[in-house]
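Chain by chain, the residues run as shown.
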Amino acid sequence: KQEVTQIPAALSVPEGENLVLNCSFTDSAIYNLQWFRQDPGKGLTSLLLIQSSQREQTSGRLNASLDKSSGRSTLYIAASQPGDSATYLCAVRSGNTGTASKLTFGTGTRLQVTL
Amino acid sequence: DAGITQSPRHKVTETGTPVTLRCHQTENHRYMYWYRQDPGHGLRLIHYSYGVKDTDKGEVSDGYSVSRSKTEDFLLTLESATSSQTSVYFCAITSVLQSPLHFGNGTRLTVT
C-alpha cells in the first residue's frame, strides 16, 4: 500500500526566502505525482504534475523534482510571497488501472510567509 | 475551477437520514472521484468512476454509494448518515490519467 509523507507539517518563513517542501512515498513504482495548494476553506488547486519518466517540472516560481529511486519529491518555491501562504499537498498515482489509478495524498505542509 | 460544481456547499443533517451530494462537470472528463478530507487523515478516496455506469470503491467506501448515469454528474449518497461522516467532501475530475486532477470547492457536511 502506497503511503505518502510530508515533513514538516508546518513551516514559517520571511518574505523573499527560497524554500523547499518535501514529499516522500513508500512505493517507487509510481505513475505520476502531483502537487497542490489548498487555501483555508477552499478546494485544491493543481500546481504541477510530474510523470514517472520526468525528473522535474517548472511553473513560474515553482519547481518540482522527482526522484523515484529514493521515493522523494520536492517543491521549490523561489522568492516566497505572503500570497504563497497555504497548505501544500503532494499526491501520488501508483498506476493507470483500477484502484491504482487513484491519488494517494500526504497530509500536507502548512506554509506561512510573513512580512 | 475547471468547470466543476458541487452542491450543496453546506449541509447539516441528522443521524440516520439519507443524504445525496452532487458533482456536476462541464468538461466532459471521463474520470470522476469523491474524496473526504478530515483533520489528521488528509484526503481519502471514497468512490471513483471511470465512465458512465462504471464505478468502483475506494479506501473508505463503507456507508456510501455512488451513481453515474451521465458523463457530467457523479452522485454520492450516504444511505444513513452517521456522525463519523461529518467531513468535507471533494469531487475531482480528470480526462486521462496523465493529466492533472482538478477539484471542486467542496461540500461541508455536518451530521448531528
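Refer to the structure above for everything that follows.
Asker: For this particular structure, what's the right way to read the overall build of chain A?
Answerer: In terms of regular secondary structure, chain A is built from zero helices and eleven strands. For chain A, whose C-alpha radius of gyration is 14 Å, the value lies close to the compact-globule estimate of 13 Å for 115 residues. Across its three principal axes, chain A shows a C-alpha extent of roughly 45 × 30 × 20 Å. Buried positions account for 47% of the 115 residues belonging to chain A. In chain A, the proportion of contacts linking residues at least 24 apart, taken out of those at least 6 apart, comes to 55%.

Asker: Is there a simple way to explain the packing of aromatic side chains in this structure?
Answerer: One pair of aromatic rings is described through two measures. These are the centre distance and the angle between the planes. Summed over the entire model, instances satisfying the criterion amount to eleven aromatic pairs over all chains. Between Phe36 of chain A and Phe103 of chain B, the aromatic rings sit 5.5 Å apart at their centres with planes inclined by 90°, giving edge-to-face as the arrangement. Placement of Phe36 of chain A in strand S4 (residues 32-38) and of Phe103 of chain B in strand S10 (residues 102-103) is noted, with the two residues assigned to different chains. Assessed through its relative accessible area of 0%, Phe36 of chain A is described here as buried. Look at Phe103 of chain B and you get buried, because its relative accessible area is 4%.

Asker: I'm lost on the side chain of His29 of chain B in this one. Help?
Answerer: Mapped onto the elements of the fold, His29 of chain B is located in the loop between strand S3 (19-25) and strand S4 (31-38). Non-local contacts of His29 of chain B, meaning those with residues more than four positions away in its chain, are made with Arg68, Thr71, Ile93, Thr94 and Ser95 of chain B.

Asker: What am I meant to see in the sheet that holds S3 of chain B here?
Answerer: Within a sheet, adjacent strands bond to each other through the backbone by hydrogen bonds, running parallel or antiparallel. All names here are of chain B. Taking strand neighbours across the sheet as the criterion, the four strands line up as S1-S3-S8-S7 in an open arrangement whose pairing is antiparallel. Across the chains shown, the open sheet's two edge strands, defined by having one partner strand only, are strand S1 (4-7) and strand S7 (64-70). Sheet twist, expressed as the average angle between the axes of neighbouring strands with direction ignored, equals 15°.

Asker: How do you make sense of the interface of chain B and chain A when you look at a structure like this?
Answerer: When the parts come together, some accessible area is lost, and that loss is often what is quoted as the size of the interface. At the junction of the two partners, chain B supplies 23 residues and chain A supplies 23 residues. Between chain B and chain A, a total of about 1,700 Å² is buried, with carbon and sulfur atoms accounting for 56% of that surface. At the junction of chain B and chain A, the tally comes to one salt bridge. In this assembly, chain B and chain A are joined by seven residue pairs in polar contact (both at pLDDT 80 or more). Sorting the residues of the side of chain B that touches chain A by element identifies S4, strand S5 (42-51), strand S9 (87-94) and S10 of chain B as the ones contributing at least two each. Residues belonging to the side of chain B that touches chain A are distributed by class as follows: ten nonpolar, ten polar and three charged.

Calculation criteria
- Residues numbered from 1 in each chain as written.
- Chains lettered and ligands numbered in written order.
- Predicted model: local features only at pLDDT ≥ 70, side-chain atom pairs only at ≥ 80, totals over all residues.
- Heavy atoms only, no water.
- Helix = DSSP H or I, 4+ residues; strand = E, 2+ residues; numbered from the N terminus.
- Rg over C-alpha atoms; globule rule 2.2 N^0.38 Å.
- Buried < 20%, exposed > 50% of the residue type's maximum accessible area, 1.4 Å probe, protein only.
- Contact = heavy atoms within 4.5 Å.
- Phe/Tyr/Trp six-rings, centres within 6.5 Å; stacked < 30°, edge-to-face > 60°.
- Pairing = 2+ DSSP bridges.
- Axes fitted to C-alpha atoms, helices over the stretch in contact; angles between N-to-C directions.
- Buried area = accessible area lost by both parts, 1.4 Å probe.
- Salt bridge = Lys/Arg side-chain N within 4 Å of Asp/Glu carboxyl O.
- Polar contact = N/O pair within 3.5 Å; in protein donor to acceptor, adjacent residues only side chain to side chain.
- Nonpolar A, V, L, I, M, F, W, Y, C, P; charged D, E, K, R; others polar.

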